[in-house]
Amino acid sequence: MIKSLRLLNFKPFENQQFDCQPLTLLSGLNSTGKSSVLQSLLLLRQSYQQGLLPNIGLALNGDLVCIGTAQDALFEGASKEDSIGFDLVWEDGSKGLWRFNYDRELDVLNLASEPVNSEVYQKNIFSNNFHYLQSERIGSRPFFEMSDYQVRQLGQLGTRGEYNAHFLSLNEQKSIPNTNLSHPEAKSLTLIDQAEAWMREVSPGIRLKIQSIPNMELMNLQYFYGDSNAYRPTNVGFGITYTLPIIVGVLASEPGTLIIIENPEAHLHPKGQTQIGRLLALAASGGVQVVIETHSDHVLNGILLAVHSGKIAPQDVQLHFLQKNQKAEIEVLSPRINRSGRIDHWPEGFFDEWDKSLDALLEPAGE
């Protein structure tokens, strides 16, 4: 498990450390650096997959993340001599320290530090025990992609969840590896039964049916409600198809897997958002490391309720709230959770908009 991440001269961060726990939540106003934190991890993985790590440099553009140019990646206040740095420390004490010099003439970032221990590249961030679901996921459509390479060989869902139907079809009868996630109303521990049970927290009564169209390399996904006729994804709520890859990916992940999710709340009603927060907390309590970026107080509440009910220890949840000060510098505040599921202090702007609106509504109405 990753215990800490330090960013040096990367995008809005001159020198910033982020402590990590089994469940790490990033929040804050728009354009405060939340995505940049996730991008640092994705850059390292992407550079390794493209063969630039451990010896050459950074792959700034690829399937996981597109930064643009090397200058786009460099902290605006950095000098000509400054390098971009990523420091990762794991729970077992192993470290990965990377420094990349900016070649202004070629606009590339070249590795400038000593090679890290080869064992680092066996960690989950570089292995198949990894899932990343970006905020712009695959929505409702009549057919979904297949990929034997991504699904069968690498065990991936796709960054947009584009291979989720194929993944679920191949693994639907396998038991979920993390019994912490077992839904009490599921018929069995199989992935398909557990996925349906958790999806019913989002859309009551829902059932799933998946069929392959191998000659076209496509998957057909249909939804049922009780004994209803089949519904195409285009004829049900957008949030159902958007959420299914999160549920499937979490349920199918073995302990030791790293899952990065952007905006798990997208297109979900408040109750569904709370249940997704609870599911992510349960996954983290069972040995899966979860890193999420969210704007949802309901997702946070689902996590707090999991702490309150004893499903996850408060010290296993790390909150980071990013904001800009009056000098437009990024500040990181990290509230703590107690055993009752309460937060020790609420920074200004940290999921407090409801309280502010309620206070305004309680004031006498204007003429």
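Check the entry above for the structure.
Residues numbered from 1 in each chain as written. Predicted model: local features only at pLDDT ≥ 70, side-chain atom pairs only at ≥ 80, totals over all residues. Heavy atoms only, no water.

Draft legend 1. Expanded view of the sheet that holds strand 5 (residues 95-103). Spatial strand order, 2-1-4-5-6: five strands in an open sheet with antiparallel pairing. Each edge of the open sheet is held by one strand with a lone partner, namely strand 2 (13-19) and strand 6 (108-111). If you compare each strand with its neighbour and ignore which way they point, the axes differ by 15° on average. Examined bridge by bridge, strand 5 and strand 6 share four bridges and lie antiparallel to one another. Counterpart to Asn 101 in the pairing with strand 6 is Asn 110. (Pairing = 2+ DSSP bridges. Helix = DSSP H or I, 4+ residues; strand = E, 2+ residues; numbered from the N terminus. Axes fitted to C-alpha atoms, helices over the stretch in contact; angles between N-to-C directions.)

Draft legend 2. Inspection of the sheet that holds strand 13 (residues 317-324) at higher detail. The sheet built from six strands is open, its strands ordered 7-11-12-3-13-14 with mixed pairing. In this open sheet, the two strands that pair with only one neighbour each are strand 7 (130-133) and strand 14 (330-333). Mean inter-strand twist for the sheet, computed between neighbouring axes without regard to direction, equals 15°. Sheet analysis places strand 13 next to strand 14, joined by four bridges and oriented antiparallel. Its bridge partner being in strand 14, Phe 321 is matched across the sheet by Leu 333.

Draft legend 3. Expanded view of the pattern of salt bridges. Inspection of the entire model under this criterion finds five salt bridges. Here Lys 123 and Asp 92 are joined by a salt bridge, their closest N and O atoms 2.6 Å apart. Placement of Lys 123 in the loop between strand 6 and strand 7 and of Asp 92 in the loop between strand 4 (83-90) and strand 5 is noted, with a sequence separation of 31 residues between them. Of the charged contacts, one joins Arg 160 and Glu 145 as a salt bridge, the two residues approaching to 3.8 Å between their closest N and O atoms. Highlighted residues: Arg 160 in the loop between helix 3 (148-153) and helix 4 (164-171) and Glu 145 in strand 8 (residues 143-145), separated in sequence by 15 residues. (Salt bridge = Lys/Arg side-chain N within 4 Å of Asp/Glu carboxyl O.)

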